[in-house]
Amino acid sequence: MRKVLVTGGAGFIGSHLCEALLQRGDEVFVLDDLSTGQIENIAHLRNRKAFHFTLGSILDFPLLESLIKKTDLIFHLAAVVGVQKIIEVPVDTIEINVLGSHNVLNLAARYRKPCLLASTSEIYGKSTKHPFTEDDDAVYGPTTKSRWSYACSKAIDEFLALAYHNAQDLQVIIARLFNTTGPRQTGRYGMVLPRFVDQALRGEPITVFGNGHQTRCFADVSDVVRALLLLVDRPAAIGQVFNVGNPEEVSILELARLVKKLTGSDSEIRLIPYDQAYQPGFEDMDRRVPNIGKISELVGFKPSLRLREIVARIIESRREQVEESVGLPVTAEAQPHSLRAGAGE
Ligand code: UDP
């Protein structure tokens, strides 16, 4: 039985990772400050003997040290994430992402514990070379535009991780996660798919920012967790950077249409200018497509769920909560097509 520390384990991706680790027979220790993570995400795990939760921050060095000392492997997922959140709390973004990650990497090196660092596709910035490949250049906007602080903070994490690997032989793997979605993700911090699904189920306007021609590639969290587990089991992955995602590309406008269709919703699709949605002068990325050749080649990773199934899974998981919050059963028309008998395209 391996003892595994998951920082940010009460978050959306972290909680799914914890489930998978327990499933494999590992003993799991979570450190989470519940800033964006939620206790409900792990409520179903808390009575498991092999699951331990500590409320606290990666900025708390002694606490982190006590946890790292007793574990065999670290998944470092704790971070400030989500574009809206980053604009709201710019100081926390930089402090937690840089100083907190420094603590994790420093202690992992000191106690010789292997560590997977969760990074982000945001690292590539507004590069227009598609698809994004691990060695591509990053292109960022000016420091006066706060969204770039997220990319820069995670880029520092990556530099630091590779520096510890080169200088102190830290066994680190960097996984750049592209847009990841699935059950338990909340739209509160700007994540587009749960927002669209909730809006559609409530019959509210589906808010597409900009002209909706920007594209993204969505991977289901179950595929992303599988990729992370494959990487930590492969010694050849150490000291390397990997894209993790699903290359199936969709425009945000097409995505809104798909959500509307699969929920059977009457919601209007409403275009909202970026200035109103975020802040004046906001810069979005036009495209963000992963090249997953490197991870496929090394560990045989291939996403198993396609966009339609991914969206259907989110609809299924959100329907009950939306019903509870609006106090009405969501009508048969508002059930995902995939859940209705004989539903076709
Ligand atoms: N977006 C949108 N409506 C929303 C939330 C997001 O049109 O209610 C857009 C956002 O501007 C971006 C894309 O959806 O172009 C993905 O946004 P998200 O915040 O989920 O992830 P990002 O890829 O920007 O990190």
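Preceding this section is the structure that the text describes.
Because the structure is predicted, anything quoted here is derived from the model rather than measured.

## Points about the overall build of the protein
Summing up its helical and strand segments, the protein has twelve helices and 13 strands in all. The globule rule puts the C-alpha radius of gyration for 345 residues at 20 Å, and the 20 Å found for the protein is close to it. Summarising its shape, the C-alpha atoms of the protein cover approximately 55 × 45 × 40 Å along the three principal directions. When each of the 345 residues of the protein is scored for burial, the buried share is 55%. Put simply, 78% of the contacts in the protein that link residues at least 6 apart link residues at least 24 apart. Summed over its atoms, the accessible surface of the protein is roughly 14,800 Å², and 52% of this surface lies on carbon and sulfur atoms. The distance from the centre of the 39 positive side-chain charges to the centre of the 42 negative ones in the protein is 3 Å.

## Some points on the pairing of strand β4 (residues 73-76)
Going residue by residue along β4, you find Leu 73 and Phe 75 tucked away on one face and Ile 74 and His 76 tucked away on the opposite face as well. Pairing of strand β1 (residues 3-7) with β4, which is carried by four bridges, proceeds in the parallel orientation. Counterpart to Val 4 in the pairing with β4 is Leu 73.

## As for the packing of helix α3 (residues 61-69) against helix α5 (residues 90-110)
Remark: α3 packs on α5, axes separated minimally by 10 Å, with the N-to-C direction vectors making an angle of 40°. With respect to each other, α3 and α5 are oriented oblique. Handedness of the crossing formed by α3 with α5: right-handed. Of α5, the residues touching α3 (which contributes Phe 61, Leu 64, Glu 65 and Ile 68) are Asn 103, Val 104, Asn 106, Leu 107, Ala 108 and Arg 110. Here the residues of the contact of α3 with α5 are counted per class, giving six nonpolar, two polar and two charged.

## Focus on the site of the ligand
The ligand sits among 17 residues. The nearest are Thr 207, Phe 209, Arg 216, Asp 284 and Arg 288. Contact distances for the ligand include 2.9 Å between an oxygen atom and a side-chain N or O atom of Asn 179. Taking Arg 288, its side chain carries an N or O atom lying 2.6 Å from an oxygen atom of the ligand. Summarising the interface, the protein chains cover 95% of the accessible area of the ligand, which totals 520 Å² for the free molecule. Counting only elements with at least two residues in the shell around the ligand, the list comes to α7 (192-202) and β8 (206-209). Here the shell around the ligand is built from residues that sort into nine nonpolar, four polar and four charged.

## As for the packing of aromatic side chains
A full pass over the atoms with the stated rule returns eight aromatic pairs. On the numbers, 3.8 Å between centres and 15° between planes, the contact of Tyr 278 with Phe 282 is stacked. For Tyr 278, a relative accessible area of 21% gives the class partly exposed. Residue classification places Phe 282 among the buried residues on the basis of a relative accessible area of 10%. Within the aromatic cluster, the residues linked to one another by ring pairs are Phe 209, Tyr 274, Tyr 278 and Phe 282.

## Focus: the environment of Val 208
Position of Val 208 among the secondary structure elements: in strand β8. What makes Val 208 buried here is its relative accessible area of 0%. Along the chain, Val 208 and Phe 196 lie twelve residues apart, while their C-alpha atoms are 8.6 Å from each other. Ignoring any residue separated from it by four or fewer positions in sequence, one finds Val 208 in contact with Phe 196, Ile 252, Leu 253, Ala 256, Ile 269, Arg 270, Leu 271 and Ile 272.

## Some thoughts on the nonpolar core
In terms of nonpolar packing, the biggest core is built from 40 residues, with Val 6, Phe 51, Phe 75, Leu 231 and Ile 295 touching the most fellow members. Looking at this core element by element, the count peaks at eight residues for helix α8 (residues 221-232). Residues within four places of Val 6 in sequence aside, it is in contact with Gly 14, Leu 17, Cys 18, Leu 21, Val 28, Phe 29, Val 30, Leu 31 and Phe 75.

## Describing α7
The element α7 is largely enclosed, with a buried count of eight among its eleven residues. Buried positions along α7 lie against β7 (180-181), β8, α9 (252-263) and α12 (307-326). Of the residues one or two after α7, Gly 203 is the one with positive phi, at around 75°.

## Description of the sheet that holds strand β3 (residues 51-55)
Read across the open sheet, the seven strands follow the order β3-β2-β1-β4-β5-β6-β11; overall the sheet is parallel. The sheet terminates laterally at β3 and β11 (241-244), the two strands that pair on one side only. Mean inter-strand twist for the sheet, computed between neighbouring axes without regard to direction, equals 20°. Bridging between strand β2 (residues 27-32) and β3 involves five bridges; their strand directions are parallel. When the sheet's bridge partners are listed, Asp 32 is paired in β3 with Leu 55. Each of β1, β4, β5 (115-120) and β6 (172-177) touches α5; the most contacted strand, β4, lies at about 165° to it. Contacting β5, β6 and β11, helix α6 (residues 147-168) crosses the sheet at an angle of about 155° to β5.

Cut-off values and rules
Residues numbered from 1 in each chain as written. Predicted model: local features only at pLDDT ≥ 70, side-chain atom pairs only at ≥ 80, totals over all residues. Heavy atoms only, no water. Helix = DSSP H or I, 4+ residues; strand = E, 2+ residues; numbered from the N terminus. Rg over C-alpha atoms; globule rule 2.2 N^0.38 Å. Buried < 20%, exposed > 50% of the residue type's maximum accessible area, 1.4 Å probe, protein only. Contact = heavy atoms within 4.5 Å. Areas by Shrake-Rupley, 256 points an atom, 1.4 Å probe, with all protein chains shown as cover. Lys, Arg positive; Asp, Glu negative; His and termini not counted. Charge placed at Lys NZ, Arg CZ, Asp CG, Glu CD. Pairing = 2+ DSSP bridges. Axes fitted to C-alpha atoms, helices over the stretch in contact; angles between N-to-C directions. Parallel < 35°, antiparallel > 145°, perpendicular 65-115°, else oblique. Left-handed = near helix turned anticlockwise from the far one by under 90°. Nonpolar A, V, L, I, M, F, W, Y, C, P; charged D, E, K, R; others polar. Near = heavy atom within 4 Å. Polar contact = N/O pair within 3.5 Å; in protein donor to acceptor, adjacent residues only side chain to side chain. Phe/Tyr/Trp six-rings, centres within 6.5 Å; stacked < 30°, edge-to-face > 60°. Core = buried A, V, L, I, M, F, W, Y, C linked by side-chain atoms within 4.5 Å.

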